[in-house]
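So you can see what is in the structure, the chains are spelled out below.
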Amino acid sequence: MTVLLIILVVVAIAVVIIFNNLVQYKNEFQNAFAQIDVQLHRRHDLVPNLVATAQAYLDHENTTLKAVIAARNQAVSALQALHQGNIDATKLAQLAASEGALSSALGALQISVEDYPDLKADSTMANLSEELTSTENRIAFARQAYNDAVMQYNSFKQSFPPVLVAKMTGHGIDAPLLQLEDPQVQRQAPKVSFN
Amino acid sequence: MHNFFKHQRQARRKTWLLVTLFVLAVTLLIALAHWPILWLMRVLDSDLYILFNYGLQPLGEGSRIHLGVTFTIGTIIMSAVLYKYLQLRRGGHVIAQQLGGEQVQSNCYDPLHRLLLNVVEEVAIAARMPVPGVYVLKNQPSINAFAAGYHRQDSVIAVTQGALRLLSREQLQAVVAHEFSHIRHGDVRLNVRMTALLFGITFIGQAGENLIHGAMYASRGQNQRGDGAGLPAIVGLILTLFGWLGTQLGDAIKALVCRQREYLADAGAAELTRAPYDLAQALLVIAESPRKNTLRQSNAHLYSHLFFSDALSPWLSWLSTHPPLSKRIRALDPSWDGMLTERPRGHAHATVHGAMMAAHEQSLLQVARHQRNSENQIKLEGIDANLGYLAHEPVDAQWLVMMLCLHQDWQQRQTQLRQIVALPYVDAFKFDQAEASLAGLGMSKKLMLLEVAIGALRCLPLHGQREFLAKLKNIVVVDGSLDLNAWSFYELSVHALSGANSGTIGQFNRKIIAKACEQLLNALASFGHSDEQQQATALNAASEALQLPMRYYGDAQCQVTRLQRALSIVKTLPQAKKQVLIQACQLCISHDGEINEAEQVILYTLAACLNVDSEVVSRLPG
């Protein structure tokens, strides 16, 4: 009888510890997501300044600038959509897609800036470029931290004793990793044509 | 975060190794010190009993002199250790200042410093750590960096001017990440302890080196007074020779304890940035730089183990505090062929940063104006850019905080505004702008602004901060009355600026404490509920939670003054009691199931001033 009681108590303690760990890891990755959010906002705020500065020099390349603005607006609305309700995989995929589009549009803009020595030498532009580089790095690092936290949560949840407890206590679904929108496109080498 | 505890355990084991080695070194020094003293006794033919055995019982002819010498030297070493430990405990900024570092302010215009700040903030995100203070060692052309601190919160990271100029952005990031992992692994605390312990056996030699260094610079600076430099140099030389053995032992201990930690920090940096190649490149730049990578600073020897790479070149390779560069590069980049090519001196920042440097050199003012116009660096979420700019400027932040403390009542507001405009450092144009944009801000945005402004205010000199607080106190209280929001901003700034060391004596009288709690909760209840019945029940709930009988005052006047008085008493309570009190406050607030803005503001202020975490705090209205 006493043996049974002792076993019960030990199991109960183990369940409590596992549950607390699950909660802690979940909070950690949610906090890490908030960090990405802050940095994405930072980038969205930076884009109008960048476009305003570049406009003075490259009026006739308006398509590039328009593409940047459009991608930015889409990214802003995707981020807003994510704020309504929980973090789920489809909304994350949408956000990742629109942020990826913004990244490539900004990349195109930076390439066209290379062709204008005046613009490149402009101190405001140099400053904005530095801020943009910094923001891109911050986003990348925040995403890395988020993915690390998610991995920690998921692998704890799937390992042996916790796997028994996780489903019962509302930790059934794996947390989604934040991936690049279309890995095929990203990994392709840029096409070069000579004509 | 996984390996954090493992690293801490390792650091602790290293501490034991350090202590053992230190005890051995001290024993050796004391044993060797007997020779010259006994020889001196024989030469002078006198008993040094008075000198060394003062106050000790005579133990017999042989042992008493040994005991006396041991005791005397031990006391000297211990007091030196204690002195250094207490000095370094205060935080990383002490070491950074001793090594000639200058703090990089958050509102700096120098493009390279801006870049450094950005890089540090980026890596802080990757490491999920608070942003440390950033210092630059100006006048140091070598490539080096270090991290210092005792706690995580007071850590700093310093980088030499040479590293800023010669490393590319990615390489700088890798170096900063290396320093971050020193903080993460608990190495900085180990280093503080080691510095303090070793100071006990090296301080004589260190003093000699400082004298020689000072004499060298004095003679270089003022040649016409050549006779002044000779004496300190000779005294310095004697001291250096006298402390030579201690210095060598200190170096050997540093080498034994620290060298492996560098590999660990390199690996940690690679984990943070996921770019081991960049760190390898940074090390390669150091290895290939045409001049020696030594640091020209008199205190560099004492802190040589803190640095990113060897700060001094020791006379024996096994005494060096860092592993050889080629081994570190090989560990990070196994495909490296081991070839070193001499590179020309010059800037690494070729394209964008080159343009930045050029623009900077053209016209500093212009850059400043552009930065101000572009508003990108100091943009705060949802806050007018002008306000964000003001909050980052130490001088403007002063009156911005005063503006935050404006009262609701129109008459009192006008009195306050007149007082603020009369201050010598207020620009009338900016003032009008700020007033207009502040009017549209919600409470949580204002609190955010206050946090930023306080960061800037910390850059003021200490007496400036005191003057500011005195002025703020004058402005906050109008005709003897106080507004709730104004009270909140005032208490928050006083708490942040004067900090924990305000030196108040704890209140032990139970009656006074109970009275203060009663006043506090009464104020809370009357702000939170319009109906008197509800106020009384809310107060009752809190009083049951605290198990203190409380009287209900009814909706009396001067609630805010009452709050202020009560807070100053409650502040001196022990931490556990504060926690209980905040919980009671939460109970009182959430009694009727809804939390209004006034309640949240009070609770936020209380929790911040008492250093207690509270969950309601994070849900302020926009």
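Quick caveat, the model's predicted, so the values are computed rather than measured.

### Topic: the overall build of chain B
Looking only at helices and strands, chain B has 26 helices and 4 strands in total. Scored against the burial criterion, the 622 residues of chain B give a buried share of 51%. Sequence separation of 24 or more characterises 75% of the internal contacts of chain B that already satisfy a separation of 6 or more. When the accessible area of chain B is evaluated, it comes to approximately 30,100 Å², of which 57% is carbon and sulfur surface.

### A short note on the overall build of chain A
On a plain count of helices and strands, chain A comes out with 7 helices and 0 strands. Put simply, chain A runs from its N terminus to its C terminus through helices and strands in the order α-α-α-α-α-α-α. Put simply, chain A has 195 residues, and 40% of those count as buried. Relative to all contacts within chain A whose residues are 6 or more apart in sequence, the contacts with residues 24 or more apart total 77%. Taken as a whole, chain A presents about 10,900 Å² of accessible surface, with 61% of it coming from carbon and sulfur.

### Quick word on the pattern of salt bridges
Residue and element names in this part refer to chain B. Taken as a whole, this structure holds 14 salt bridges over all chains when the rule is applied. Here Arg169 ties to Glu122 by a salt bridge, and the two come within 3.0 Å at their closest N and O atoms. Placement of Arg169 in helix H7 (residues 169-184) and of Glu122 in helix H5 (residues 111-127) is noted, with a sequence separation of 47 residues between them. Of the two residues, Arg169 and Glu122, both sit in the buried class. When the shortest N-O distance is used, the salt bridge between Arg328 and Asp266 registers 2.9 Å. Highlighted residues: Arg328 in helix H12 (residues 325-332) and Asp266 in helix H10 (residues 244-273), separated in sequence by 62 residues. Classification of Arg328 as buried rests on a relative accessible area of 0%.

### Description of the packing of aromatic side chains
Evaluation of the coordinates by the stated rule reveals 9 aromatic pairs over all chains. Ring geometry for Phe29 of chain A and Tyr146 of chain A: centres 6.1 Å apart, planes at 75°, overall edge-to-face. Remark: Tyr146 of chain A occurs in helix H5 (residues 123-158) and Phe29 of chain A occurs in helix H1 (residues 2-55); sequence separation between them is 117 residues. With centroids separated by 5.2 Å and ring planes inclined at 50°, the aromatic side chains of Phe29 of chain A and Tyr153 of chain A adopt a geometry described as tilted. Note that Phe29 of chain A is positioned in helix H1 and Tyr153 of chain A in helix H5, a separation of 124 residues in sequence. Tyr153 of chain A matches Phe29 of chain A in its accessibility class, with the two residues each being buried. Members of the aromatic cluster, joined through ring pairs, are Phe29, Phe33, Tyr146 and Tyr153 of chain A. Over the ring of Tyr150 of chain B we find Arg189 of chain B, and its NZ or CZ is 4.6 Å from the ring centre. It is Arg328 of chain B that lies over the ring of Phe308 of chain B; its NZ or CZ is 5.2 Å from the centre.

### Re the nonpolar core
If you look at soluble globular proteins, the nonpolar side chains tend to sit buried side by side. By size, the foremost hydrophobic cluster in this structure holds 78 residues, and its most contacted members are Leu387, Ile420 and Leu521 of chain B. When sequence neighbours within four positions are dropped, the list of residues in contact with Leu387 of chain B reads Leu400, Ala434, Ser437, Leu438, Leu441 and Leu449 of chain B.

### Focus: a nonpolar patch on the surface
Among the surface-exposed residues, Val3, Ile7, Val11 and Val15 of chain A lie close enough to one another that they form a single nonpolar patch of about 330 Å² accessible area. Here Ile7 of chain A lies in helix H1.

### Observations concerning the confidence of the model for chain A
Residues and elements named next belong to chain A. Averaged over every residue, the pLDDT of chain A is 80; residues scoring 70 or more account for 88%. At the low end of the mean pLDDT range in chain A sits helix H7 (residues 183-187), at 46; at the high end sits H1, at 87. Segment residues 182-195: pLDDT under 50, and 2 contacts once partners within four positions in sequence are set aside and those in other chains are kept.

### Structural notes on the confidence of the model for chain B
Across chain B, the average pLDDT comes to 78, with 82% of residues at or above 70. Long-range and interchain partners of residues 349-378 of chain B, a stretch whose pLDDT sits below 50, account for 50 contacts in this model, where long-range means more than four residues apart.

### Here we look at the packing of H1 of chain A against H5 of chain A
All names here are of chain A. Between H1 and H5, whose axes approach to 8 Å, the crossing angle comes to 160°. Classified by the interaxial angle, the pair formed by H1 and H5 is roughly antiparallel. Crossing hand, H1 versus H5: left-handed. Taken together, the residues that form the contact of H1 with H5 break down as 21 nonpolar, 9 polar and 9 charged.

### Describing the sheet that holds strand S4 (residues 156-160) of chain B
Residue and element names in this part refer to chain B. Reading across the sheet, the 4 strands line up as S1-S2-S4-S3 and stay open at both edges, with mixed pairing between neighbours. Of all strands in the sheet, those bounded by a partner on one side alone are strand S1 (101-103) and strand S3 (145-148). Between one strand axis and the next, the sheet turns through 25° on average, direction left out of account. Note: S1 against strand S2 (residues 133-137), 3 bridges, orientation antiparallel. Its bridge partner being in S2, Gln103 is matched across the sheet by Tyr135. Of the strands in this sheet, S2 and S4 touch H5, which is tilted by about 140° from S2.

### Details of the packing of helix H15 (residues 385-392) of chain B against helix H19 (residues 443-457) of chain B
All names here are of chain B. Contact geometry of H15 with H19 gives a least axis separation of 7 Å together with a crossing angle of 35°. Mapping the contact onto sequence places Leu387, Ala391 and His392 in H15 and Leu449, Val452, Ala453 and Ala456 in H19. Of the residues contributing to the contact of H15 with H19, the split by class is 6 nonpolar, 1 polar and no charged.

### What about the state of the cysteines?
One pass over the structure, following the stated rule, counts 0 disulfides over all chains. The thiol of Cys588 of chain B is not disulfide-bonded; the next cysteine sulfur, from Cys585 of chain B, is found 7.0 Å away.

### Here we look at the pairing of S4 of chain B
Regular strands have side chains that alternate between both faces of the sheet. All names here are of chain B. Of all 5 residues that make up S4, 5 are buried, and the element is covered over most of its length. The two faces of S4 match: Val156, Ala158 and Thr160 on one face and Ile157 and Val159 on the other face are all buried. Two strands pair when backbone bridges link them, and S2 and S4 are joined in this way by 5 bridges, in the parallel orientation. Each residue of the ladder has a partner; that of Gly133, found in S4, is Val156. Of the pairings in the sheet, the one linking S3 to S4 comprises 4 bridges and is antiparallel in character. Bridge assignment links Ala145 to a residue of S4, and that residue is Val159.

### Describing unusual backbone geometry
Residue and element names in this part refer to chain B. The phi dihedral of Asn139 falls on the positive side, at around 65°, and the residue is not glycine. Inspection of the secondary structure puts Asn139 in the loop between S2 and S3. The exposure class of Asn139 is exposed, given its relative accessible area of 72%. Phi is positive for Arg274, close to 55°, though the residue is something other than glycine. Inspection of the secondary structure assignment puts Arg274 in the loop between H10 and helix H11 (276-288).

What counts as what
Residues numbered from 1 in each chain as written. Chains lettered and ligands numbered in written order. Predicted model: local features only at pLDDT ≥ 70, side-chain atom pairs only at ≥ 80, totals over all residues. Heavy atoms only, no water. Helix = DSSP H or I, 4+ residues; strand = E, 2+ residues; numbered from the N terminus. Buried < 20%, exposed > 50% of the residue type's maximum accessible area, 1.4 Å probe, protein only. Contact = heavy atoms within 4.5 Å. Areas by Shrake-Rupley, 256 points an atom, 1.4 Å probe, with all protein chains shown as cover. Salt bridge = Lys/Arg side-chain N within 4 Å of Asp/Glu carboxyl O. Phe/Tyr/Trp six-rings, centres within 6.5 Å; stacked < 30°, edge-to-face > 60°. Lys NZ or Arg CZ within 6 Å of the ring centre and 35° of its normal. Core = buried A, V, L, I, M, F, W, Y, C linked by side-chain atoms within 4.5 Å. Patch = residues over 30% accessible without salt bridge, like charges linked within 9 Å, V, L, I, M, F, W, Y side chains within 5 Å. pLDDT = per-residue confidence, 0-100. Axes fitted to C-alpha atoms, helices over the stretch in contact; angles between N-to-C directions. Parallel < 35°, antiparallel > 145°, perpendicular 65-115°, else oblique. Left-handed = near helix turned anticlockwise from the far one by under 90°. Nonpolar A, V, L, I, M, F, W, Y, C, P; charged D, E, K, R; others polar. Pairing = 2+ DSSP bridges. Disulfide = S-S within 2.5 Å.

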